[in-house]
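Secondary and tertiary structure notes
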Amino acid sequence: MTPDDTGTAAPARTRIEYLEELGDALVARGLRVRLTLPRGQSPSLHVMNPDASALTENILAERGADGWWYWWSWAERIAPADDVAAAADRVALVLAVH
């Protein structure tokens, strides 16, 4: 819990929690996922199409001035982290899951 603007305690979600939530949604769409926690770097979600192992991507969750977002490894936004379904649909589309 962290203080919010009013000085009261408010729950704070972490990168890992956002990535785990997206990971669950991607597994439900047939993708394989692995949460990676490299020392000294931001955690990421490694996502792979099990039917075409060359189709992989590392997804990040980052907070900006306009809230939390999921990001492709090439620094392009996927979707707001509060819209897990949209993010999962987009990742599944890019990784050619039908």
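Right above here is the structure, for reference.
Residues numbered from 1 in each chain as written. Predicted model: local features only at pLDDT ≥ 70, side-chain atom pairs only at ≥ 80, totals over all residues. Heavy atoms only, no water.

A look at the packing of helix H1 (residues 15-28) against helix H2 (residues 84-94)
What counts here: Axis definition: a line fitted to C-alpha atoms, limited for helices to the stretch in contact. Angles are taken between N-to-C directions and run from 0 to 180 degrees. Where helices and strands are cited, they refer to DSSP runs of H or I of at least four residues and of E of at least two residues respectively, numbered from the N terminus. Should an angle fall under 35 degrees it is taken as roughly parallel, and over 145 as roughly antiparallel, whereas 65 to 115 is taken as roughly perpendicular and any remaining angle as oblique. Handedness of a helix crossing follows the sense of rotation of the near helix relative to the far helix, less than a right angle counterclockwise being left-handed and clockwise being right-handed. The contact definition used throughout considers only heavy atoms, calling two residues in contact when any of these lie within 4.5 Å. When residues are grouped by polarity, Ala, Val, Leu, Ile, Met, Phe, Trp, Tyr, Cys and Pro land in nonpolar, Asp, Glu, Lys and Arg in charged, and all others, Gly among them, in polar.
Remark: H1 packs on H2, axes separated minimally by 9 Å, with the N-to-C direction vectors making an angle of 55 degrees. In this view, H1 runs oblique relative to H2, as classed from their interaxial angle. Of the two possible hands of crossing, H1 and H2 adopt the one that is right-handed. Between H1, through Glu21, Leu22, Ala25 and Leu26, and H2, the contact on the second element is made entirely by Val84, Ala87, Ala88 and Val91. In terms of residue class, the contact of H1 with H2 is made up of seven nonpolar, no polar and one charged.

With respect to the environment of alanine 79
By the secondary structure assignment, alanine 79 is in strand E7 (residues 77-80). Taking C-alpha positions, alanine 79 is 9.9 Å from aspartate 89, a pair spaced ten residues apart along the chain. Contact partners of alanine 79, with chain neighbours within four places excluded, come to Trp69, Tyr70, Ala86 and Ala87.

Describing the side chain of asparagine 49
Our working definition: When a residue's accessible area, from a 1.4 Å probe over protein chains only, is under 20% of the maximum for its type it is buried; when over 50% it is exposed; and in between it is partly exposed. Throughout this description, a polar contact denotes any pair of N or O atoms lying within 3.5 Å of each other; where both atoms belong to protein, one of them has to be capable of donating a hydrogen while the other can accept it, and for residues adjacent in sequence the pair is counted only when both atoms sit in side chains.
Following the sequence through the fold, asparagine 49 ends up in strand E4 (residues 44-49). Using a relative accessible area of 5% as the deciding quantity, one classes asparagine 49 as buried. Polar contacts involving the side chain of asparagine 49 include one to the main-chain carbonyl oxygen of leucine 95, which spans 2.8 Å. In terms of polar contacts, asparagine 49 uses its side chain to reach the backbone carbonyl oxygen of alanine 96, at 3.4 Å.

Focus: the packing of aromatic side chains
Operational definition: Aromatic rings from Phe, Tyr and Trp, with only the six-membered ring used for Trp, were paired whenever their centres fell within 6.5 Å, and each pair was classed as stacked if the ring planes differed by under 30 degrees, edge-to-face if by over 60, and tilted otherwise.
Taken as a whole and assessed by the stated rule, the structure comprises two aromatic pairs. Seen from their ring centres, tyrosine 18 and tryptophan 68 are 5.0 Å apart, and the 35 degrees between their planes marks the pair as tilted. Taken together, the residues tyrosine 18 in helix H1 and tryptophan 68 in strand E6 (residues 67-71) connect sequence positions 50 residues apart. Accessibility classification places tyrosine 18 together with tryptophan 68 in one group, the buried group. With a centroid separation of 4.9 Å and 5 degrees between ring planes, the pair formed by tryptophan 72 and tryptophan 74 is classed as stacked.

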